[in-house]
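Each chain, letter by letter, is given below.
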Amino acid sequence: MLWIDEPADAHLAYRLTTTASAPVVNACVSAVAENADYIAVRQRLRVVGAVERFVILPKRRYQPMADTASIVIGPLSAAQYAQAASRLALPALTPVGVPDVCNGASRLYGGL
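First things first, this report covers the structure right here in the doc. Everything quoted here is computed from the prediction, not taken from an experiment. (Residues numbered from 1 in each chain as written. Predicted model: local features only at pLDDT ≥ 70, side-chain atom pairs only at ≥ 80, totals over all residues. Heavy atoms only, no water.)

Let us now look at the overall build of the protein. Helix and strand counts for the protein come out as 1 helix and 8 strands. Within the protein, the fraction of its 112 residues that count as buried is 38%. A separation of at least 24 residues holds for 42% of the contacts in the protein among residues at least 6 apart in sequence. (Helix = DSSP H or I, 4+ residues; strand = E, 2+ residues; numbered from the N terminus. Buried < 20%, exposed > 50% of the residue type's maximum accessible area, 1.4 Å probe, protein only. Contact = heavy atoms within 4.5 Å.)

Structure follows, in C-alpha cells:
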C-alpha cells in the first residue's frame, strides 16, 4: 500500500506493517494523483528557488526495499509530467500536506 504520511512533512511511503513503512518519495510531497495503475506525486524540494518535480510509480510493479530505478517515471518537469499524466490517464493532482510547509501545500491526503 502506498500512502502519504505526516501532514507537516508529507512524503510517499509504502506501509509494511501498522507501525513500519518504507520511504518511496521523500518530503515534501505537495500533491498526489492516482488511478488503478499509477500513483503520481508533485514534490517541492526544501531549497529556496527549487522547481517542482514530479514522480510517477506503477502500483502493481512497486516492491518495497527493491531497486525501483527501472520502474519509476521521473523525476519529471511540469511539462514532462503533463504529457505523461495525459498518456497514463492520471486525474488532476490533489494538494496534500500543511499550508506553507516546503513553500506551500494545502491538506492531508491519506489512504493510498
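Moving on: the sheet that holds strand S8 (residues 94-95). The strand order across the open sheet formed by 5 strands is S7-S6-S5-S4-S8, and the pairing between neighbours is antiparallel. The open sheet has two edge strands, strand S7 (73-76) and S8, and neither has a second partner. In this sheet, S7 lies alongside strand S6 (residues 53-58) in antiparallel orientation, the contact comprising 2 bridges. Its bridge partner lying in S7, Phe 54 is registered against Leu 76. Relative to S7, helix H1 (residues 78-87) is tilted by about 150°, and along the sheet it contacts strand S4 (29-34), strand S5 (38-43), S6 and S7. (Pairing = 2+ DSSP bridges. Axes fitted to C-alpha atoms, helices over the stretch in contact; angles between N-to-C directions.)

One ladder, built from 4 bridges, connects strand S2 (residues 11-15) with strand S3 (residues 21-25); its direction is antiparallel. Residue pairing for S3: Ala 13 is matched across the bridge by Pro 23. From the end of S2 to the start of S3, which pair antiparallel, there are 5 residues.

One pass over the structure, following the stated rule, counts 3 salt bridges. Between Arg 60 and Asp 37 there is a salt bridge whose closest N-O contact spans 2.1 Å. Linking Arg 60 in the loop between S6 and S7 with Asp 37 in the loop between S4 and S5, this pair joins segments that are 23 residues apart in sequence. For Arg 60, a relative accessible area of 64% corresponds to the exposed category. Linking Arg 42 and Glu 52 is a salt bridge whose minimum nitrogen-to-oxygen distance equals 3.5 Å. Of this pair, Arg 42 sits in strand S5 while Glu 52 sits in the loop between S5 and S6; the two residues are 10 residues apart in sequence, bridging distant segments of the chain. (Salt bridge = Lys/Arg side-chain N within 4 Å of Asp/Glu carboxyl O.)

Quick look at the packing of aromatic side chains now. Taken as a whole and assessed by the stated rule, the structure comprises 1 aromatic pair. For the ring pair Phe 54 and Tyr 81, a centre distance of 4.7 Å and an interplane angle of 15° mean the geometry is stacked. A residue pair is termed long-range when its members are at least 10 positions apart, and Phe 54 in strand S6 and Tyr 81 in helix H1 qualify at 27 residues. Tyr 81 carries the same exposure label as Phe 54, and that label is buried. (Phe/Tyr/Trp six-rings, centres within 6.5 Å; stacked < 30°, edge-to-face > 60°.)

Cis geometry marks the peptide bond from Gly 74 to Pro 75, where omega comes out at 10°. Relative to the helices and strands, Pro 75 is located in strand S7. One non-glycine residue, Ala 89, lies in the positive phi region at around 60°. Along the chain, Ala 89 falls in the loop between H1 and S8.

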